[in-house]
Amino acid sequence: MTEENRSSFISTVNSPTTIHGMLNAMTDAENPDPREEQQQQQQQRGMDITYGIDDVPPWYLCLFLAIQHYMTMIGAIVSIPFILTPALCMEDENPARGVIISTMIFVTGLITWLQVTWGCRLPIVQGGTISFLVPTLAILHLPQWQCPEPDVFGAMTSEQKEEVWMVRMRELSGAIAVSALFQVFIGYTGLVERLIRVITPLTIVPTVGLVGLTLFEHAAETASKHWGIAVGTTAMLTLFSQVMTNVTVPVVKYRKESGLETRPFALFKLFPVLLTIALMWGLCGLLTVFNVFEPGNPARTDVRLKVLIDASWFRIPYPGQFGLPTVTLAGVLGMLAGVLACTVESVSYYPTVARMCGARGIPAHALNRGIGVEGLGTMLAGVWGSGNGTNTFGENVGAIGITKVGSRRVIQWAAGIMIIQGVVSKFGAVFMMIPDPVVGGIFCVMFGMICAFGLGALQYVNLQSARNLYILGLSLFFPLVLCLWIQKNPGAIQTGNQTVDSTLSVLLGTTILVGGVLGCLLDHIIPGTREERGLVAWESEIDSFNTDSSSEAPGSPCSTYDFPYGMNLLRRCRWTSKIPFLPTYKSSAKKN
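Residues numbered from 1 in each chain as written. Predicted model: local features only at pLDDT ≥ 70, side-chain atom pairs only at ≥ 80, totals over all residues. Heavy atoms only, no water.

S.K.: Is there a simple way to explain the overall build of the protein in this structure?
M.R.: Scanning the protein for helices and strands turns up 27 helices and four strands. Taking all 592 residues of the protein together, the buried fraction comes to 57%. Taking the intrachain contacts of the protein between residues at least 6 apart in sequence as the baseline, contacts between residues at least 24 apart amount to 82%. When the accessible area of the protein is evaluated, it comes to approximately 23,900 Å², of which 64% is carbon and sulfur surface. (Helix = DSSP H or I, 4+ residues; strand = E, 2+ residues; numbered from the N terminus. Buried < 20%, exposed > 50% of the residue type's maximum accessible area, 1.4 Å probe, protein only. Contact = heavy atoms within 4.5 Å. Areas by Shrake-Rupley, 256 points an atom, 1.4 Å probe, with all protein chains shown as cover.)

Structure, rendered in structure tokens:
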């Protein structure tokens, strides 16, 4: 990233409209003074940090800020089952939908705590991701996983219906858990710091961009159940998140010195998704009460009332809760596409979060450990039966830029809240009652933003180059054509071996895999200068991964990425400098 782009980005994420005033209104405590060297670095970076990465706010502030992060990620979490569960052949009224949501929230809290405390140690939230839905749908499009015909399904007993979706969940669980071993391997062996030299901007664009483009059919299907509600949801989200982003509302606070006073609160900037869902959900509730929607209309709020009634109050998710995961070659190779997409996305987030927190550039050992822990998180998510993997939440990264609070202690508190909420099954069931058209309207924005995030990597490349435009066009368009045909013709590939047929069908039916491989291959074989390909700007962005912190003294800014315990022992052992995921590791990776 050029210096001009970097300055522009930092000024954007540190816009003057923040909740700084609200934080001061809630507490008279002074901000803790950061270490002198870290403070000088923050000033050099132009950062206005309220709480840095190593700072510990008062417990009551931690609680408030943790709830805010929890509310930021919950919208993305609850949207995934609305696509996943129908593909699993699960009925709308099945209370297991709420169990899946509770499992996702529980695993999100568990992995977030592990990542923040022992992983890369950046204040990031790890949770379910849309990226895994693309290979998931490709797997479930195989002939053996097609849902039974409606008349056949209707004649089944309740136990048989449960087995229909559970056997598919077990297939996904095994594929997710085993494919995550690749991420664990490249992380803990240090291979990821070399792999990112092969991943170019023209690889990132189709890999991440196609995640949003591929799911447009599901957004259309959900939104079309009532276009008025869906369009209203999209319009309201646009109004809150873009038009009214700088509008504040007064918050009343009592102080002994001055009595009642008001402080500005950036409500629309902090909670646009939650406000939109709450208001549109409430509108659907009113239209349901006055019978504007006929019985059975997907826009009614009582369509899935049985899910809430049948859900238990407390249920602790556990590994293998839907049965022992099964493993097939086709499923594992297909899920690798989701693993690769998540790896690319997380690697691009790490330097951004480090800058937002006023921390030094993330060193190689923290990068390696972060990707390794993310792989472990995806394995646990698969084994637990969430039907999804884990990835860094971009929404929470944006929340750090807005609030100016980058303390890892806040995210640790948020992880605790997620674990507790994941045990309350009724809570997960409540979110399944959100009307489908409301979710469809959110999808239109969410999937579009994922696509835009992928296209954002084009800032590094020369878009006036015919070479780059050719690679970009082909790697985006061809996968959509090929994968759509594969999914519409599930039995088209006939090699005489069912395993080979299934494997090829999944691989060629996964857009992000086809697009990413095609973009990477063409970018490396078609001649082009380093400046033209965007490698100069891209490598300057990831240079911080070669930072060596093994010689830093305890208490220095680079000790930010050290383990919370055991560092004295590691520093006394010379051999630890050869272990890629230990804080004493000395990286030898060089630029190409």
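S.K.: Which parts of the structure should I look at to understand the nonpolar core?
M.R.: Formed by 92 residues in total, the largest nonpolar core has its most connected members in Met73, Ile130 and Phe447. Ranked by residues supplied to this core, first place goes to helix α4 (residues 59–87) with twelve residues. If you look at the next biggest cluster of nonpolar residues, it comprises 22 residues, including Met356, Cys357, Ala366 and Ile371. (Core = buried A, V, L, I, M, F, W, Y, C linked by side-chain atoms within 4.5 Å.)

S.K.: When you look at the pattern of salt bridges in this model, what are you seeing that I'm missing?
M.R.: Should the charged atoms of two oppositely charged side chains come close, the side chains can pair. Counting across every chain of the model gives nine salt bridges. One salt bridge in this structure joins Arg170 and Glu163, with 2.5 Å as the shortest N-O distance. On the accessibility criterion, Glu163 (38% relative accessible area) is partly exposed. Two residues, Arg300 and Asp302, come together in a salt bridge whose shortest N-O distance is 3.0 Å. (Salt bridge = Lys/Arg side-chain N within 4 Å of Asp/Glu carboxyl O.)

S.K.: Is there a simple way to think about helix α17 (residues 364–384) in this case?
M.R.: Since the α-helix packs 3.6 residues into each turn, any two residues three or four apart lie on the same face. Between its first and last C-alpha atoms α17 spans 30 Å; for 21 residues at 1.5 Å apiece the expected length is 30 Å, and the two agree. With 17 of 21 residues buried, α17 is to be regarded as a mostly interior element. Of the residues trailing α17, Gly385 is marked for its positive phi of about 90°. (Expected span 1.5 Å × (residues − 1).)

S.K.: Just checking my understanding: could you explain unusual backbone geometry for this structure?
M.R.: Where the residue is not glycine, phi is negative for most of them; where a peptide bond is considered, it is trans in most cases. Phi angles above zero are rare outside glycine, and Cys89 is one such case at about 70°. By the secondary structure assignment, Cys89 is in the loop between α4 and α5 (96–118). Accessibility expressed as a relative area gives 8% for Cys89, which makes it buried. If you check the backbone angles, Arg121 has positive phi at about 65° while not being a glycine. Relative to the elements of secondary structure, Arg121 occurs in the loop between α5 and β1 (126–127). Here Arg121 falls in the buried class, since its relative accessible area comes to 8%.

S.K.: Please explain the confidence of the model for the protein as it appears in this structure.
M.R.: Should pLDDT be low for a region, the predicted coordinates there are not to be read in detail. Here the protein averages 79 in pLDDT, while 85% of its residues score no lower than 70. Across the protein, α17 holds the top mean pLDDT of 91, while helix α2 (residues 20–26) sits lowest at 35. Confidence over residues 1–46 falls short of pLDDT 50; this stretch has 94 contacts with residues more than four positions distant or in other chains. In the predicted structure, residues 549–557 sits below a pLDDT of 50 and forms 21 contacts with residues beyond four places in sequence or in another chain. (pLDDT = per-residue confidence, 0-100.)

S.K.: How should I be thinking about the packing of helix α12 (residues 227–243) against helix α21 (residues 436–455) in this particular structure?
M.R.: Two numbers describe how α12 lies on α21: the axes approach to 7 Å, and their chain directions differ by 45°. For the element pair α12 / α21, the angle class is oblique. As α12 packs across α21, the resulting crossing turns out to be right-handed. Every residue of α21 that contacts α12 at Ile229, Ala230, Thr233, Thr234 and Leu237 is listed here: Pro437, Val438, Gly441, Ile442, Cys444 and Val445. Here the contact of α12 with α21 is composed, by residue class, of eight nonpolar, three polar and no charged. (Axes fitted to C-alpha atoms, helices over the stretch in contact; angles between N-to-C directions. Parallel < 35°, antiparallel > 145°, perpendicular 65-115°, else oblique. Left-handed = near helix turned anticlockwise from the far one by under 90°. Nonpolar A, V, L, I, M, F, W, Y, C, P; charged D, E, K, R; others polar.)

S.K.: How do you make sense of the side chain of Asn297 when you look at a structure like this?
M.R.: Within the element layout of this structure, Asn297 appears in the loop between α14 (272–289) and α15 (305–310). Residue classification places Asn297 among the buried positions, given a relative accessible area of 9%. A distance of 3.1 Å separates polar atoms of two side chains, one belonging to Asn297 and the other to Glu294. (Polar contact = N/O pair within 3.5 Å; in protein donor to acceptor, adjacent residues only side chain to side chain.)

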